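Take a look at the letters that make up each chain.
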Amino acid sequence: MSDELTRLKSETEAALAAVSDLKAWDAVRVSVLGRNGSLTALLKGLGALDPVSRRERGAALNRLRDELTQAIEARRVALEAAELDARLAAERLDPSLPPLPSPSGLIHPISRAAEEIAALFGAMGFRIAEGPDIEDDWRNFGALNIPAHHSAREDMDTFYLAAGADGRRPVLRTHTSPVQVRTMLSAPPPIRVIVPGRTYRADHDATHSPMFHQCEGLAIDRGLTLGHLKGCLIDFLRAYFGIGDLPVRFRSSYFPFTEPSMEVDIGWNRKTGELGRGGDWLEILGSGMVHPKVLANCGIDPREWQGFAFGMGIERVAMLKNGIPDLRPFYESDLRWLRHYGTSALLPTMLHEVGA
Ligand code: PHE
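From a predicted model like this one, the values you see are computed outputs, not experimental measurements.

Draft legend 1. Focus on the sheet that holds strand S1 (residues 127–128). Reading across the sheet, the seven strands line up as S1-S4-S5-S9-S8-S7-S6 and stay open at both edges, with mixed pairing between neighbours. Lying at the two open borders of the sheet, with one neighbouring strand each, are S1 and strand S6 (248–255). With nine bridges connecting them, strand S7 (residues 258–268) and strand S8 (residues 280–290) associate as antiparallel partners. Bridging from a neighbouring strand, glycine 267 pairs with tryptophan 281 of S8.

Draft legend 2. Just the packing of helix H1 (residues 3–18) against helix H3 (residues 38–45), in detail. For the pair H1 and H3, interaxial distance at closest approach is 11 Å and the crossing angle is 160 degrees. Our classification of the angle between H1 and H3 gives roughly antiparallel. Read as a crossing pair, H1 and H3 show a hand that is left-handed. Contacts between H1 and H3 involve Glu4, Leu5 and Leu8 from the first element and Ser38, Leu39 and Leu42 from the second. For the contact of H1 with H3, the residue count by class is four nonpolar, one polar and one charged.

Draft legend 3. Up close: the domain arrangement of the protein. Taken domain by domain, the protein comprises domain 1 (3–90) and domain 2 (106–344). Averaged C-alpha coordinates put domain 1 and domain 2 at centres separated by 70 Å.

Draft legend 4. Region of the structure containing the site of the ligand. What surrounds the ligand is a group of 14 residues, the closest being His175, Ser177, Arg201, Gln214 and Glu216. Here a nitrogen atom of the ligand and a side-chain polar atom of histidine 175 are 3.0 Å apart. Here an oxygen atom of the ligand sits 3.0 Å away from a polar atom, N or O, in the side chain of arginine 201. For the ligand, whose unbound accessible area comes to 330 Å², protein coverage reaches 91%.

Draft legend 5. Here's a closer look at the environment of phenylalanine 121. Tracing the backbone shows phenylalanine 121 in helix H5 (residues 109–123). Note: C-alpha distance between phenylalanine 121 and arginine 54 (67 residues apart in sequence) is 84 Å.

Draft legend 6. Structural context of helix H9 (residues 226–241). Under the 1.5 Å per step criterion, the end-to-end length of H9 is 22 Å for 16 residues, consistent within 8% with the ideal 22 Å. Within H9 the residues assigned to the buried category are Leu229, Cys232, Leu233, Phe236, Leu237, Ala239, Tyr240 and Phe241. Elements that come into contact with the buried residues of H9 comprise H5, S6, S7, S8, strand S9 (306–313) and helix H11 (314–322). Of the residues flanking the start of H9, the one acting as N-cap is threonine 225, its side-chain oxygen 3.0 Å from the backbone nitrogen of glycine 227. Two residues or fewer after H9 comes glycine 242, characterised by a positive phi angle close to 65 degrees.

Quick notes on the rules
Residues numbered from 1 in each chain as written. Predicted model: local features only at pLDDT ≥ 70, side-chain atom pairs only at ≥ 80, totals over all residues. Heavy atoms only, no water. Pairing = 2+ DSSP bridges. Helix = DSSP H or I, 4+ residues; strand = E, 2+ residues; numbered from the N terminus. Axes fitted to C-alpha atoms, helices over the stretch in contact; angles between N-to-C directions. Parallel < 35°, antiparallel > 145°, perpendicular 65-115°, else oblique. Left-handed = near helix turned anticlockwise from the far one by under 90°. Contact = heavy atoms within 4.5 Å. Nonpolar A, V, L, I, M, F, W, Y, C, P; charged D, E, K, R; others polar. Domains from an automatic or database assignment. Near = heavy atom within 4 Å. Polar contact = N/O pair within 3.5 Å; in protein donor to acceptor, adjacent residues only side chain to side chain. Areas by Shrake-Rupley, 256 points an atom, 1.4 Å probe, with all protein chains shown as cover. Expected span 1.5 Å × (residues − 1). Buried < 20%, exposed > 50% of the residue type's maximum accessible area, 1.4 Å probe, protein only.

Listed below in structure tokens is the structure:
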């Protein structure tokens, strides 16, 4: 390489080493490779040479151009990395700051109700569990002590799917109760979970939809009694509906997977729809002590562990709480309805302290 080229190379390298930001870097790049850059000028000068010297000089210049292009690019990468490091060191995120108010976008009443339920049971030590919408017959029915040919299977208007390789037909889960089974099989007690999720039944009118949402609850521990079940649900219902003295009635009932089983009613006025007074009763959830056979089916010794379970319709509690008369608009994506019944994302979900 001629002295001239060696000098250009070392000068450029020194200039690159001296720059400390991308702006200065770009100035160096332009001064060498730009239209009026020093290397560009040398390349332009090739035309004036005789063919032999042009070939030699041309090869040397091309090599130099490759080297300089590489050095310039490497410097850019290094500068960008340094700038990012500096930004990361300088900028601090404060996750405790409240979010900026958002001008649009509301929480759907189903999501809102599920969040409120989760917050209230969360305060009582329950965590959220989930399961798939497509279940096998055993988890949706069998393990829950609902035998084959039992009327509960017809009552639930089950959607069956095509049979798999084993000849069994999977189902769209008719309730969230199969997640009780999944939870008990996945880890040993004690257990406290709630299970919000989609459920399916072949049924459609103003108060029934083929797809709807339920929230299951399951608590398994040593020495859990009906008293725990009642206290837990009374606290929840009063906090959820925001009525401190909401009348709550436990009415003897039947579910194959609980023994004893109870339907839970709240006090309301049938004519006006007002909750809390009026002398009428409205059924709001199913509950009971987990049947010993269900515990045994799920590998839990019923002589050592007891528990309670409950299940409620999420749309149903949301409708009652918000005075929504019809179920169908929940799924129709009508913006007028959504704006009317939606909730700001900034509204705290914790309603008030349970039992306060
Ligand atoms: N799975 C029942 C239903 O869908 C509700 C329920 C859950 C009842 C848990 C008792 C215990 O109707």
